[in-house]
Amino acid sequence: MPRGGKRSGAGRRKVEAESKAPNKARASSILDGLALTDDEWKAQGHPDHATAEPEPRVADFAATGDYRQARKWWEASKACQCEDCLWRRDCLQPGPAGREARRYLWDRRDGHSVRNINHIHDKPIDLNVNLSMAEIVRAVRHRKQEYERSRK
Ligand SMILES: [Zn+2]
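Residues numbered from 1 in each chain as written. Predicted model: local features only at pLDDT ≥ 70, side-chain atom pairs only at ≥ 80, totals over all residues.

Caption draft 1: How the structure looks around the overall build of the chain. If you tally the helices and strands in the chain, you get seven helices and zero strands. Reading the secondary structure of the chain in the N-to-C direction produces α-α-α-α-α-α-α. Here the chain holds 152 residues, and the buried ones make up 10% of them. (Helix = DSSP H or I, 4+ residues; strand = E, 2+ residues; numbered from the N terminus. Buried ≥ 20, exposed ≤ 12 C-beta atoms within 10 Å, placed from the backbone.)

Below, the structure is given as structure tokens:
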């Protein structure tokens, strides 16, 4: 009876964040992509897809700000959701959030250790993004329903 050899699942477990993190080549291509306009980026294989969400109409919102917000989320809901696009959207956020995401990719591209900051991305961010998006959409819909009910 053969003994020993490699047990499957033996040894140090691969760190999830590391296996999901973009490698050098992908990090540079995402960073290079930041120089492109949204239209140019879409043309490179990230087209919008159909969304089940109805397009928000100005008339449905009491406040212009609410409409603008809903419109922004709607646009995001039909955008490509591939990992590169999630990174692109992270990187293009205004303020420190975008800077952190870019710094992460720069480090990745240049082969620096990113251990000190990868707590930002060691969770399945795409999942978090989609969840919060769904919650936001639900909240907007709820508010819209409330508004319509109050008009009757
Ligand atoms: Zn994409």
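Caption draft 2: The packing of helix α2 (residues 24-33) against helix α6 (residues 96-110), seen in detail. Between α2 and α6, the least distance of the axes is 8 Å, while the angle of their chain directions is 135°. As summarised for this structure, α2 and α6 are arranged oblique, according to the angle between their axes. Considering only the axes of α2 and α6, their crossing is left-handed. Packed against α2, whose contacting residues are K24, A27, S28, I30 and L31, the element α6 presents L105, W106, R108 and R109 at the interface. Per-class residue counts for the contact of α2 with α6 are five nonpolar, one polar and three charged. (Axes fitted to C-alpha atoms, helices over the stretch in contact; angles between N-to-C directions. Parallel < 35°, antiparallel > 145°, perpendicular 65-115°, else oblique. Left-handed = near helix turned anticlockwise from the far one by under 90°. Contact = placed C-beta atoms within 7 Å. Nonpolar A, V, L, I, M, F, W, Y, C, P; charged D, E, K, R; others polar.)

Caption draft 3: Structural detail: the packing of helix α5 (residues 83-91) against α6. In contact at an axis separation of 7 Å, α5 and α6 are set at 130° when each is read in the N-to-C sense. Here α5 is positioned oblique relative to α6, judged by the angle of their axes. Contact residues: α5 offers W87, D90 and C91, while α6 offers G98, A101, R102 and L105.

Caption draft 4: Representation of α5 within the structure. Along α5, the residues that are buried comprise W87, R88, D90 and C91. Projected down its long axis, α5 shows its buried positions confined to an angular sector of 160°, all on one face. On the buried face of α5, the contacting elements are α2, α3 (38-43) and α6. (Arc of directions from axis to C-beta.)

Caption draft 5: View of the nonpolar core. If you look at the biggest cluster of nonpolar residues, it comprises seven residues: A27, I30, W87, C91, A101, Y104 and L105. Elements with a minimum of two residues in this core: α2, α5 and α6. By residue number, the principal contributor to this core is α6, which donates three residues. (Core = buried A, V, L, I, M, F, W, Y, C linked by C-beta atoms within 7 Å.)

These figures come from the coordinates and say nothing about function on their own.
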